[in-house]
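Fold and contact review
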Amino acid sequence: MNFFRHRRSAFLGLPALALLITIAGCSSADDGDSVAVPSPDTKVTELCQNLDKVLPRKVDGLGRQDPEPRSALTAGWGSPAIILRCGVERPAKMIDPKVALGDDPKAVGGRVNGVDWLMEKRDDGSTRFTTAQRRAYVEVTVPEGRDTSGMLVDLAASIKKAIPKGIAD
């Protein structure tokens, strides 16, 4: 019996096995949403933690199902999820003069229940809303095909309570 021949084929199988384990470990069996967690400064993080404590259990009739990794800076409702991220960077469109003049077909500003929002249509069909005139930027992404009006109404009270008016930058 050639011990080295068997050993070499066993070694060749190890990288393939490691790759398979890695792929299986990274895949999600529960179809949960995942999201990048923002990394704001300490003041904004505190505001976002306060927001997390007062967020509604339901948004637009959808139950809360937070994305992975779990964080006080992110929240989700439904599946596919409406995703909230607190402490994000200011979107470039927020200071774009075309948006302010109403000349950008993919972005528009507006107000819902006392909260100012920048609405951006994204190439994947989703809609992203980002708060304006608040001490922290709160971003809410709504999947394609989902109504957005009820969601903004449901989140407004929590945002007004936890994120004071002002300029985030």
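Refer to the structure presented above.
Residues numbered from 1 in each chain as written. Predicted model: local features only at pLDDT ≥ 70, side-chain atom pairs only at ≥ 80, totals over all residues. Heavy atoms only, no water.

Comments concerning the overall build of the protein
What counts, and what does not: Segments assigned H or I by DSSP are reported as helices when at least four residues long, segments assigned E as strands when at least two residues long, and all are numbered from the N terminus. When a residue's accessible area, from a 1.4 Å probe over protein chains only, is under 20% of the maximum for its type it is buried; when over 50% it is exposed; and in between it is partly exposed. Note on definitions: a residue-residue contact is assigned when non-hydrogen atoms from the two residues lie within 4.5 Å.
Summing up its helical and strand segments, the protein has four helices and eight strands in all. Overall, the protein shows an N-to-C arrangement of helices and strands of α-α-β-β-β-β-α-β-β-β-β-α. Counting across all 169 residues of the protein, residues that qualify as buried make up 37%. When contacts within the protein are restricted to residue pairs at least 6 apart in sequence, long-range pairs at least 24 apart make up 54% of them.

Some points on the nonpolar core
Just so we agree on the cut-off: The nonpolar core is taken to be a set of buried Ala, Val, Leu, Ile, Met, Phe, Trp, Tyr and Cys residues, with the residues joined through side-chain atoms within 4.5 Å.
In terms of nonpolar packing, the biggest core is built from 28 residues, with Leu51, Trp77, Leu84, Val140, Met151, Leu155 and Ile163 touching the most fellow members. When residues of this core are traced back to their parent elements, those giving at least two are helix 2 (42-54), strand 3 (74-77), strand 4 (82-86), strand 6 (115-121), strand 8 (138-142) and helix 4 (149-162). With six residues, helix 4 is the largest single contributor of residues to this core. Every residue in contact with Val140, bar those within four places of it in the chain, is listed here: Ile82, Ile83, Leu84, Trp117, Thr127, Arg128, Phe129, Met151 and Leu155.

Quick word on helix 4
Every α-helical turn comprises 3.6 residues, leaving residues that sit three or four positions apart pointing alike. Test applied: In this scheme, a helix's expected span is set at 1.5 Å multiplied by one less than its residue total. Given a residue, its bend is the angle between the two axes fitted to the seven residues that end at it and to the seven that start from it.
Between its first and last C-alpha, helix 4 extends 21 Å over 14 residues, near the 20 Å set by a 1.5 Å rise per residue. In the structure, helix 4 departs most strongly from a straight axis at Ala156, where the bend amounts to approximately 35°. All buried positions along helix 4 are accounted for by Gly150, Met151, Leu152, Leu155, Ala156, Ser158, Ile159 and Ala162.

Some words on the sheet that holds strand 3
Defined as follows: Note on pairing: DSSP must find at least two bridges between two strands before they are called paired. Here, axes are lines fitted to C-alpha atoms. For helices the fit covers the stretch in contact, and angles between N-to-C directions go from 0 to 180 degrees.
Ordered in space as 3-4-8-7-6-5, the six strands form an open sheet in which the pairing is antiparallel. Two strands in the sheet have a free side with no partner beyond their single neighbour: strand 3 and strand 5 (107-112). On average, adjacent strands in this sheet sit at an angle of 20° to one another, irrespective of strand direction. Here six bridges tie strand 5 to strand 6, and the two strands are oriented antiparallel to one another. From the neighbouring strand, Gly109 faces strand 6, where its bridge partner is Leu118. The sheet strands contacting helix 4 are strand 3, strand 4, strand 5, strand 6, strand 7 (127-132) and strand 8, and the helix crosses strand 6 at an angle near 135°.

So, the packing of aromatic side chains
In plain terms, the rule: Side-chain rings of Phe, Tyr and Trp (the six-membered ring for Trp) are treated as a pair once their centres are within 6.5 Å; stacked means planes under 30 degrees apart, edge-to-face means over 60, and tilted covers the remaining angles.
Applying the stated criterion to the full structure yields one aromatic pair. Measuring from centroid to centroid gives 6.1 Å for Trp117 and Phe129, while their planes differ by 85°, and the two rings are edge-to-face. Of this pair, Trp117 sits in strand 6 while Phe129 sits in strand 7, placing them 12 residues apart in sequence. Take Trp117: its relative accessible area is 4%, and that puts it in the buried class.

Some details on the pattern of salt bridges
As a reminder, the rule being used: Each reported salt bridge corresponds to a side-chain nitrogen of Lys or Arg within 4 Å of a carboxyl oxygen of Asp or Glu.
Per the stated rule, a full pass over the model turns up nine salt bridges. For Arg85, the salt bridge is made with Glu139, and the minimal N-O distance between the two is 2.9 Å. Taken together, the residues span a long stretch of sequence, with Arg85 in strand 4 and Glu139 in strand 8 at a distance of 54 residues. The exposure classification of Arg85 matches that of Glu139, with both residues buried. The residue Arg128 makes a salt bridge to Glu139 at a minimum N-O spacing of 3.9 Å. With Arg128 in strand 7 and Glu139 in strand 8, the pair connects residues that are 11 residues apart, well separated along the chain. Taking relative accessible area as the criterion, Glu139 reaches 9% and is therefore assigned buried. A single network of salt bridges, built from pairs that share partners, joins Arg85, Glu120, Arg128 and Glu139.

Points about unusual backbone geometry
The omega torsion across Glu68 and Pro69 is -10°, close enough to zero to call that bond cis. Residue placement: Pro69 occurs in the loop between strand 2 (62-63) and strand 3. Non-glycine residue Asp60 carries a positive phi angle of around 55°. Within the element layout of this structure, Asp60 appears in the loop between strand 1 (58-59) and strand 2. Within the chain, Gln133 stands out as a residue other than glycine whose phi angle is a positive 60°. Mapping Gln133 onto the fold places it in the loop between strand 7 and strand 8.

Such coordinate-based values are descriptive only and should not be taken to indicate function.
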